[in-house]
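Architecture at a glance
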Amino acid sequence: MTILLTLTVLALIAIAIWQITKIFELSQPKKKNTQIADDDDNRWNGQLMFAFLIFIFGITIFSFWKWGDVLLPGASSEHGMEYDNLMWISFAIIFFVQTITQALLHYFAYKYRGEKGKKALFYADNDRLEAIWTIIPVIALAGLILYGLYTWTDIMTVEENEDALIVELYAQQFNWKARYAGEDGVLGDANVRFLQDFDGKNLVGIDVTDPNGFDDVVVQELHLPKGREVIFKMRSQDVLHSAFMPHFRAQMNCVPGMITEFAFTPTVTTEEMRQTADVKAKVKKINTIRRENSKALIAKGEEALEPYIFDYLLLCNKICGASHYNMQMKIIVETPEEFEKWITDQQTFAEVIQ
Amino acid sequence: MSTAAAQLHEGEDHGHHHKETFITKYVFSQDHKMISKQYLITGLFMGIIGIAMSLLFRLQLAWPEQPMGIMSALLGKWAPDGVMDPNVYLALVTIHGTIMVFFVLTAGLSGTFSNLLIPLQIGARDMASGLLNMISYWLFFLSSVIMVASLFVEAGPAAAGWTIYPPLSALPQAQPGSGLGMTLWLVSMAIFIASSLLGSLNYIVTVLNLRTKGMTMSRLPLTIWAFFITAVIGVVSFPVLLSAALLLIMDRSFGTSFFLSDIFIQGEVLHYQGGSPVLYEHLFWFLGHPEVYIVLLPALGITSEIIATNSRKPIFGYRAMVASILAIAFLSTIVWGHHMFISGMNPFLGSVFTFTTLLIAIPSAVKAFNYITTLWKGNLQLNPAMLFSIGLVSTFISGGLTGIILGDSTIDINVHDTYFVVAHFHLVMGISALYGLFAGVYHWFPKMFKRMMNKNLGYLHFWVTAICAYGVFFPMHFIGMAGLPRRYYTSTAFPYFDDLANINVVITVFALVAGAAQLVFLYNFIHSIFYGKPTEQNPWKSNTLEWTAPIEHIHGNWEGKIPEVHRWAYDYSKPGHEDDFIPQHIPLKKGEEELQH
């Protein structure tokens, strides 16, 4: 029925367009029926080109004004500051280029709109001009490439240091687990072959023949101490996943059959983050939206939404199946003391399999 | 056999037509003009499906969990109570991507215009091999049929994203779409690749061997340069995708472990050992990235031709334009790793790919500047084709610039696979290439169908589309920079993203209006085929050879001799001439110098 209705509407629209064009053509009897742009067309389309330029700038300004507050707050990790710098420098450059090139393009389209009898300038080449606009991008890009590579090497070089906290992020359809190396600071060997040992209590497949594994701690909530480097080792048991921690400017794929790495140092605890102006404003806005939505839910006889409190997120960012959109884990950054207290409260692998 | 058709037509007595039946003329035609129409119409049909799918999942993103009649009407049991199932959402984005990238913007765009324009613009009777050309189209048709058929499979079509990364795509246990739907996807793509290779080889041979007298490579219109280089990229990179597809088929059906290792799924340890999904990613993107330029270069070629013609000016910097096509083509084959910065490959490799990727910005910038300079002091005839070409340059710049963000391995860490990427590539290759397709259709419609399209409907089509394209994709950058991953069925699982909901509504409204605007185009297209105003010989006063061929299509393209070429394609508004254009077949006047280029 809906399809029939849709088709009828489409047919009516088609007829309407046909009639409108008919009327349009009949209303201009003096003009030749030609489908080639004439001076009138050039004029009004040229003017629209100029208007379109204003539209592009307008939508840019509007979006920043209206939606600027949805962007991620400043980075909560050491390398994240460098990341943010590089990103905003790149953005400054592309905004500059965007503004100038779009302005020229649309302004020329307006300014040089065709008129009968006018003749265009025969201007086929200018080596100097072309050299200039080849060299300028070369210089700008060389700068960006060097800066980018310097930062990249800095971020991606994972040095095994004694103080670092080793954490395994373990991905499966559709949840995350984290494994801490325990007191020895070494993760026990693991493989999916061992997942079924101990009636499924071996959640990440730790190999019991490796003594390093017994003090490992497997949890479903990621706790990180502030100010200490964390080296993540990523694993997946089934399909590709990607461990995405946007607030820390951190992401790495989890690949079955191999271990991938990423390291960062958190700099802001969850509690501190909740007190920043950006996050406060964002939470307030989200809760206003949630209250509005709750009204509709209550009217339907359903439960109201819970108020939102900020937490760092770990999301899956590689398509992994039906519940990809809901594969998440809470991250809690806390002071080293709080962290130590938390981790000693957790059961070690040895305790779990007893 | 292959060059026989062409040789047959070398002689002068070209007036007589071969006896043709309905089947050989309209169905199994070996005439490049008919094949180009077949490509166009099949491509448009696939485009309707692809765009309709995007509207469906846009509805889901704007109003998740809201029962909608259209969902149950179109998706039936895949939308219980009018709410789309998450697996179906993934299937829709997968098939939308596949159809738009391969079936519309590769076959629909390149297939249509390479076929139409290569023989006509270089002065050839037909493609080097009419037979291979025909087989190429029918393989494309077959692969389209299989891809569409996969939509009707019980468990649904492929749903692992258009990149179909294993293990998700390899294991039927991982998602319902990885069963028969994925098999059909792979079979369809394998056939598609065969079609594409036959077509590309034909284009390359034709351009190299069948140019008319005087048509040197340096006099080739930029359209032909673009189609030619596109074909070369296709021949270099498509076979690699075929090998990836074949290895994936082996893993799926014959128990090999090319891409799989150490997998535990649905309570079972699988036997696969030693393979790597990262290997698949390398193979896929070895085609996948050049594919972007396979889509884009023909659009840029079409734009070059249309901007020059309608500016009544030579294209600025012809040599630089050719050089930048070559540079882009070369670089496009060594940048694939920028899709894999965080795939787990060695970070040093990431540095190398960042370097090569950002280099591509240079020839791209040259192209953009040259287009802008071509407009400068022109006498712009703002026909619908010209508007779409200017629109292309605009979206090419807007989308291309964000490539500098994504191509930088460092910045990519946090925007990788978010909506920022979706916004970027839709502007730079999706919308730009679609504009190229539309520009080409408006411009060469008279050549294809002997009639003109209605210009006012064309203007309506352009302006609504142009506004909506920015309306859809500009705000999308913000969603990405807010941290929302792509391919999420809904963002409601994260209260953190609740403030993105209204942006999603805005985007969907723009998308729906844009979809409606395409109906105007479709109406104009179909109506004009039958009732459009009959065209003049050379409606846009263009220099290229296709406009010297008779309006009525004849087998062999020209009565009698093929015109000889005496100049480049861009003698517009040349001083010392009364007309503002001098077609390529007009000999130089006494004392007139050909531009050194």
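Quick caveat, the model's predicted, so the values are computed rather than measured.

Take the overall build of chain B next. Secondary structure assignment for chain B yields 17 helices and 2 strands. With respect to the principal axes defined by its C-alpha atoms, chain B has extents near 80 × 50 × 50 Å. Burial status across chain B gives 65% buried among its 597 residues.

A few words on the overall build of chain A. A count of helices and strands for chain A gives 8 helices and 10 strands. Taken over the C-alpha trace, chain A has a radius of gyration of 30 Å; the compact-globule value for 354 residues is 20 Å, which it surpasses by more than 25%. Its C-alpha atoms put chain A at 95 × 65 × 40 Å along the principal axes. Among the 354 residues that make up chain A, the fraction classed as buried is 38%. Long-range contacts, defined here as pairs at least 24 residues apart, represent 70% of the contacts in chain A between residues at least 6 apart.

All names here are of chain B. One way to put it is that helix H5 (residues 86-122) packs onto helix H8 (residues 222-254) with a least axis distance of 10 Å and a crossing angle of 125°. On the basis of the axis angle, H5 is oblique to H8. Where H5 crosses over H8, the handedness of that crossing is left-handed. Along the contact surface, H5 presents Ser110, Phe113, Ser114, Leu117, Ile118, Gln121 and Ile122, while H8 presents Thr223, Ile224, Phe227 and Thr230. In the contact of H5 with H8, the residues fall into 6 nonpolar, 5 polar and no charged.

Moving on, we get to the interface of chain A and chain B. Bring the parts together and some accessible area is lost; that lost area is often taken as the interface size. With 106 residues of chain A in contact, the opposing surface of chain B contributes 116 residues. For the side of chain A that touches chain B, the secondary structure elements donating two or more residues are helix H1 (2-26), helix H2 (39-67), helix H3 (78-111), helix H4 (127-156), strand E6 (241-245), strand E7 (250-254), helix H6 (277-299) and strand E9 (312-316) of chain A. Element by element, the count of residues in the side of chain A that touches chain B is highest for H4(A), at 15 residues. In terms of residue class, the side of chain A that touches chain B is made up of 62 nonpolar, 31 polar and 13 charged.

All right, on to the pairing of strand E5 (residues 230-236) of chain A then. Looking down a regular strand, the side chains alternate between one sheet face and the other. Residue and element names in this part refer to chain A. For E5, the tally of buried residues reaches 6 of 7 residues, placing the bulk of the element in the interior. By the bridge criterion, 5 bridges tie E5 to strand E8 (residues 260-264) in an arrangement that is antiparallel. Following the sheet pairing, Met234 is matched in E8 by Thr260.

Moving on: H2(A). For H2(A), with 29 residues, the first-to-last C-alpha span of 41 Å sits near the 42 Å given by 1.5 Å per residue. All buried positions along H2(A) are accounted for by A:Asp41, A:Asn42, A:Asn45, A:Gly46, A:Leu48, A:Met49, A:Phe52, A:Ile56 and A:Trp67.

Our focus in this paragraph is the pairing of E7(A). Residues and elements named next belong to chain A. With 5 of its 5 residues buried, E7 lies for the most part within the structure. Bridge count for E6 against E7 is 5 bridges, and the pairing is antiparallel. Bridge pairing in E7 places Ser242 opposite Asn253. A loop of 4 residues connects E6 with E7, the two strands running antiparallel in sequence, and Arg249 in this loop sits at a positive phi of about 55°.

Residue and element names in this part refer to chain A. A sheet is described by the order of its strands in space; here 5 strands give the open sequence E4-E10-E9-E6-E7, paired in mixed fashion. With one partner strand each, in any of the chains shown, strand E4 (222-225) and E7 form the two edges of the open sheet. The mean angle between the axes of side-by-side strands here comes to 20°, regardless of whether they run parallel or antiparallel. Where E4 and strand E10 (residues 328-334) come together, 4 bridges link them in parallel fashion. Bridge pairing in E10 links Leu222 to Ile331.

Moving on, we get to unusual backbone geometry. Following A:Gln173, the chain continues into A:Phe174 via a peptide bond in cis, with omega recorded as -5°. Structurally, A:Phe174 can be placed in the loop between strand E1 (165-172) and strand E2 (175-180). For the peptide bond that leads from B:Pro166 to B:Pro167, omega is 0°, which places it in the cis range. Here B:Pro167 is to be found in the loop between helix H6 (130-149) and helix H7 (180-209). Residue B:Lys450 is not a glycine yet carries a positive backbone phi of 65°. Tracing the backbone through its elements, the reader meets B:Lys450 in the loop between helix H15 (419-449) and helix H16 (455-481). For B:Lys450, a count of 15 C-beta atoms within 10 Å puts it in the partly exposed group. Despite not being glycine, B:Asn557 shows a phi value in the positive range, around 70°. Within the secondary structure, B:Asn557 is located in the segment after helix H17 (501-531).

This paragraph deals with the sheet that holds E8(A). Residues and elements named next belong to chain A. Overall, mixed pairing links the 5 strands, which are arranged E3-E2-E1-E5-E8 in an open sheet. Two strands lie at the open edges of the sheet, namely strand E3 (217-219) and E8, each paired on one side alone. Going across the sheet, the axis of each strand differs from the next one's by a mean of 25°, ignoring polarity. Pairing geometry for E1 and E5, over 7 bridges, is parallel. Bridge pairing in E5 places Tyr170 opposite Arg235.

Residues and elements named next belong to chain B. One can find Leu105 in helix H5. In sequence terms Leu105 and His271 are 166 residues apart; their C-alpha atoms lie 39 Å from each other. Sequence-distant contacts of Leu105, that is, excluding residues within four places in its chain, are made with Met100, Val295 and Ala433.

What follows covers the confidence of the model for chain B. Residue and element names in this part refer to chain B. When pLDDT is averaged across chain B, the result is 92; 96% of the residues are at 70 or more. Across residues 1-16, confidence stays below pLDDT 50; counting only partners more than four residues off in sequence or on other chains, it has 26 contacts. Reported confidences for the modelled complex are a pTM of 0.93 and an ipTM of 0.92.

By secondary structure assignment, the location of B:Phe227 is in helix H8. Residues B:Phe227 and B:Gly179 lie 48 residues apart in sequence; the distance between their C-alpha atoms is 37 Å.

This next bit is on the confidence of the model for chain A. Confidence in the prediction for chain A averages 91 pLDDT; 96% of positions are at 70 or higher. Averaged over each element, pLDDT in chain A is lowest for H1(A) (72) and highest for E6(A) (97).

Residue and element names in this part refer to chain B. At a closest axis distance of 12 Å, the pairing of H5 and H6 adopts a crossing angle of 160°. Taken together, the axes of H5 and H6 lie roughly antiparallel to each other. The two elements H5 and H6 cross, and the hand of that crossing is left-handed. Touching Thr98, Ile99, Phe103, Ala107, Gly111 and Asn115 of H5 are Asn133, Phe140, Ser144 and Met147, all from H6. Tallied by class, residues from the contact of H5 with H6 come to 5 nonpolar, 5 polar and no charged.

How each quantity is defined
Residues numbered from 1 in each chain as written. Chains lettered and ligands numbered in written order. Predicted model: local features only at pLDDT ≥ 70, side-chain atom pairs only at ≥ 80, totals over all residues. Helix = DSSP H or I, 4+ residues; strand = E, 2+ residues; numbered from the N terminus. Buried ≥ 20, exposed ≤ 12 C-beta atoms within 10 Å, placed from the backbone. Rg over C-alpha atoms; globule rule 2.2 N^0.38 Å. Contact = placed C-beta atoms within 7 Å. Axes fitted to C-alpha atoms, helices over the stretch in contact; angles between N-to-C directions. Parallel < 35°, antiparallel > 145°, perpendicular 65-115°, else oblique. Left-handed = near helix turned anticlockwise from the far one by under 90°. Nonpolar A, V, L, I, M, F, W, Y, C, P; charged D, E, K, R; others polar. Pairing = 2+ DSSP bridges. Expected span 1.5 Å × (residues − 1). pLDDT = per-residue confidence, 0-100.

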